[in-house]
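Listed below are the residues making up each chain.
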Amino acid sequence: MSVADETGGRAERIRAKAQEMQEAAERASDPQERQRLADKARRLQERSDQVTTKGDGNMNPL
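A few points on the structure. (Residues numbered from 1 in each chain as written. Predicted model: local features only at pLDDT ≥ 70, side-chain atom pairs only at ≥ 80, totals over all residues. Heavy atoms only, no water.)

### Focus: the overall build of the protein
Piece 1. Within the protein one finds two helices and zero strands.
Piece 2. Taking all 62 residues of the protein together, 23% fall into the buried category.
Piece 3. Taking contacts inside the protein between residues at least 6 apart in sequence as the whole, the part at least 24 apart equals 58%.
Piece 4. Counting every atom, the protein has about 4800 Å² of accessible surface; 48% of that belongs to carbon and sulfur. (Helix = DSSP H or I, 4+ residues; strand = E, 2+ residues; numbered from the N terminus. Buried < 20%, exposed > 50% of the residue type's maximum accessible area, 1.4 Å probe, protein only. Contact = heavy atoms within 4.5 Å. Areas by Shrake-Rupley, 256 points an atom, 1.4 Å probe, with all protein chains shown as cover.)

### A short note on the nonpolar core
Soluble, globular proteins show a tendency: their nonpolar side chains are buried together.
Piece 1. In this structure, Ala11, Ile14, Ala18, Met21, Ala24, Ala25, Ala28, Leu37, Ala41, Leu44 and Val51 together form the largest nonpolar core, which totals eleven residues.
Piece 2. Within the residue set of this core, elements represented by two or more residues are helix H1 (3-27) and helix H2 (31-57).
Piece 3. Looking at which element gives the most residues to this core, the answer is H1, with six residues.
Piece 4. Discounting chain neighbours no more than four positions away, the residues touching Ala25 are Arg34, Leu37 and Ala38. (Core = buried A, V, L, I, M, F, W, Y, C linked by side-chain atoms within 4.5 Å.)

### What to know about a positive patch on the surface
Piece 1. Together, Arg10, Arg13, Arg47 and Lys54 make up a region of like positive charge exposed at the surface.
Piece 2. Among the secondary structure elements, those contributing two or more residues to the positive patch are H1 and H2.
Piece 3. Among the structural elements, Lys54 can be located in helix H2.
Piece 4. Look at Lys54 and you get exposed, because its relative accessible area is 61%. (Patch = residues over 30% accessible without salt bridge, like charges linked within 9 Å, V, L, I, M, F, W, Y side chains within 5 Å. Salt bridge = Lys/Arg side-chain N within 4 Å of Asp/Glu carboxyl O. Lys, Arg positive; Asp, Glu negative; His and termini not counted. Charge placed at Lys NZ, Arg CZ, Asp CG, Glu CD.)

### With respect to the side chain of Ser48
Piece 1. With respect to the helices and strands, Ser48 occurs in helix H2.
Piece 2. The exposure class assigned to Ser48 is buried, which follows from its relative accessible area of 0%.

What follows is the structure, encoded as structure tokens:
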């Protein structure tokens, strides 16, 4: 398995978790809990973007 494959898989798992957090935020009835979950989803999405960017940076263009 290549580094790019590992990075892509990790980014996908983080994106899936971010989606779960966003959906939980939408279902939450407490405004503070909704905001906490939405913030966590946003941070996970940013982390996913960073992982994806790192993976792209490790590949040598021909």
